[in-house]
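Understanding the architecture of this molecule
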Amino acid sequence: MSILIKDATVIAMDGEQGAEARRADILVQGDRIAAVGPGLEADGAQVIDGGRRLAIPGLVNSHFHSNQNFLRGRYPGRPLESLMLYAYPFDPALAPSPELVYLRTLIVAIEALRNGVTCLLDDCIELPSQDHDQLAAVFRAYDDAGIRANCSGHVINKRFMDTLPYARRFLSDELLDLFGAAPPPTTEHYLEFATEAVRRFHDPAGRLRYVIAPSGPQRCTDDLLAAAAEFADRHDTAYHMHVLETKVQQVTGRELYGKSLVAHLDEIGAINPRLTMAHAIWITDEDIELMAAADCSVAHNPVCNLRIGSGIAPLRKLLDAGVNVALGTDEIDCNDSGRIFDVMKAAGLIHTLSDVDYDRWPGAAEILRAATLGGARSVCLEREIGSLEVGKRADVVLLDLDSWPLMPTSDPSVGLVYAENGSSVTDVLVNGDIVVRDRALTRLDEAAVMAEVRGQMPEILEQRARWEAVARRHEPEMKALYMHCMAQETGLNRLAVQPAAVVA
C-alpha cells in the first residue's frame, strides 16, 4: 500500500534539514519512506492532505514501566525509595494475571499513539518475578495497538535489602523479612528466561523487540551485569539499566563498591554502545567521560525526576561530551502521564537553572533530537527510525497547524517543545500503517478499553490498599534511611537544597 502526504510542513530531523521546517510531500510505500520532496506523485496511493499539517518523525519514549499503569496519581510527594516501598509489593499474591497485564499495557499504547509516540521502551517489572505468559501479554497488547515497542525482561537478582545502604541499621526485622521472602533469580535462570523470550518475541525486522534489562548495578550481581552486556551483542537487543537516579544510589555505590556505580560498571565490562542508562543524575565528570568513551546512551526523565525529587541531570555536560541523550516519561505513578511532549517542555525549561550562560541552555532543536533520533539510538534503531528519510521506516506524525498550541508560531520546532501538549496530533503512521486517523485509533476500541479499565479498578485498588497499609507502617524506617543518605556530603549536588540543610 502507498500513502502520499501532500504539501505538508515537514521537520525531518535528517542530516540536511535538522529541525528546520520546509514544505514537502512524503511518499510511503509499504513500511518505508520512499521519497521526501516537492511535487511527488504516486498512482493509486492513498492521499492525505498535508496543507495545514506539520509532519514530524514519530516520537520515542525511551524509558517507561507499564506495570504501574493503574496507579496514576496514587503516590504524590514521595522520593523514589519511599515510592518503591508503596508501588512494588513484595507479595506474590498480587502478581497480575496475563489478562490484567494485557489491559494495563493498552493504557500506555493508547496514550502514546494519541500523543505522537510511535516507539517506546517498556521496562516492565513484575515482582517477585516475571513469567513468559505475562511478557507475552505485553507484546500482544502492543502488537494489537500497532505501536513499535521494545519490551524487557527487567530483573533484580539481589535481595532488596542488599541493594540499599544501611538497610540493617534502619529497617526493622519485619521489613527485612518481607524484602527477603522471595528468593531472587539466579543469573543462569534469567539468561534462560531471556533466551526463550528472544526466541518467542524478538523480531529485529519488525515492530516488536525484546530488551535485556538488569534493574541497576546495585540491584544485580556482577556476573549478571556482564552477561547481560554480552547477551545484548549476541542477540541484537537493546540493553537497559537504571543508573544513579538518586543521591541514595550515589551513596550506595560508595558503600558497596567504594566507587561510582558507573565506574563499577566500567570495571566489570558492563558498559557498551547498546546500553541506555535511565536517569543518570548523580553522575560525576569522570562518569561522563567513561560513558562517552563507551558510546552509551542516557534516557533523560525530567518530569519524573522533578515529581519524586531525584534531582536535575547534567544535560549540557552529557551533550558536550557527545553522550547520546533520549527522553522518557518513566512510569505513570511518578509522572502521571505518558505524554512525551510534557517531557520535552520540562527538558527545555529546567536546565535554564543549571548554567548562568544562556547560550548553553538547551535549544528546541536539541530537545527535538533527543525525542526522535536520540530515542531511536537508545533502542538501537537509529538506522530504522528517528527521522523522515528515504529508506527509513514510515513512522510519521501529523499535527494540526490550526490548533491553538501551534497557532500562531513563527518556528514550529519551538512550538513543539514549549507549546504543544499532544492535542494537535491528528494522524499517526507506524511502519507504514495508519494507526491514528483524524484523532481516532484505527486498531483499538478506545471506549471499550476505558470501560474495561473502569470496571477493573475497584478490585485492583482494594488489593493495593492492603499492601499500602503494610508500606505505611514501615515508611518511617525507609525515611530514616533516606534522610541519613541525604544528609551526607558526597562532593556532588544535583538538588536545590544543600546537604547541610538536610537533617538526618
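Everything here concerns the structure above.
The paragraphs below set out a description of the structure included in this document. (Residues numbered from 1 in each chain as written. Predicted model: local features only at pLDDT ≥ 70, side-chain atom pairs only at ≥ 80, totals over all residues. Heavy atoms only, no water.)

So, on to the overall build of the chain. Counting secondary structure elements, the chain contains 17 helices and 17 strands. Here the C-alpha coordinates of the chain stretch approximately 70 × 50 × 40 Å along the principal axes. Of all 504 residues assigned to the chain, the portion counted as buried reaches 61%. Within the chain, contacts between residues at least 6 apart in sequence are counted, and of these 76% link residues at least 24 apart. (Helix = DSSP H or I, 4+ residues; strand = E, 2+ residues; numbered from the N terminus. Buried < 20%, exposed > 50% of the residue type's maximum accessible area, 1.4 Å probe, protein only. Contact = heavy atoms within 4.5 Å.)

Structurally, Met-483 is set in helix H17 (residues 446–486). In this structure Met-483 comes out as partly exposed when scored by relative accessible area, which is 22%. Note: C-alpha distance between Met-483 and Pro-79 (404 residues apart in sequence) is 11 Å.

We now examine empty space enclosed by the protein. Empty space among the atoms becomes apparent when a probe as large as a water molecule is rolled across them. A full pass over the atoms with the stated rule returns six cavities of 30 Å³ or more. The space that makes up the largest cavity amounts to roughly 180 Å³. Lining the largest cavity are 19 residues, with Leu-80, Met-84, Tyr-88, Ile-125 and Glu-331 positioned closest to its centre. A per-element tally of the lining of the largest cavity places helix H1 (residues 80–87) first, with three residues. Of the residues assigned to the lining of the largest cavity, the class counts are 11 nonpolar, four polar and four charged. There is about 90 Å³ of room inside the second largest cavity. Considering the residues around the second largest cavity, the lining is formed by Leu-80, Glu-81, Met-84, Phe-160, Thr-163, Leu-164, Gln-218, Arg-219, Val-248, Gln-249, Thr-252 and Met-478. (1 Å grid on protein atoms, 1.4 Å probe; cavity = no way out; pocket = protein on both sides within 12 Å on 5 of 7 lines; lining within 4 Å. Points joined across faces, edges and corners; volume = space filled by probe spheres on them. Nonpolar A, V, L, I, M, F, W, Y, C, P; charged D, E, K, R; others polar.)

Here we take up the pattern of salt bridges. For the coordinates displayed, the defined rule picks out 39 salt bridges. Arg-274 is the salt-bridge partner of Asp-236, the closest N and O atoms lying 3.2 Å from each other. Of this pair, Asp-236 sits in the loop between helix H7 (222–235) and strand E10 (238–243) while Arg-274 sits in the loop between helix H9 (261–267) and strand E11 (275–279), and the two are 38 residues apart along the sequence. A residue is classified by how much of its surface remains accessible, and Asp-236, at 30% relative accessible area, is partly exposed. Arg-274 sits in the buried class, given a relative accessible area of 17%. With its nearest N and O atoms 2.7 Å apart, the salt bridge here joins Arg-393 to Glu-384. Overall, the relative accessible area of 6% leaves Arg-393 in the buried class. The class for Glu-384 is partly exposed, based on a relative accessible area of 22%. (Salt bridge = Lys/Arg side-chain N within 4 Å of Asp/Glu carboxyl O.)

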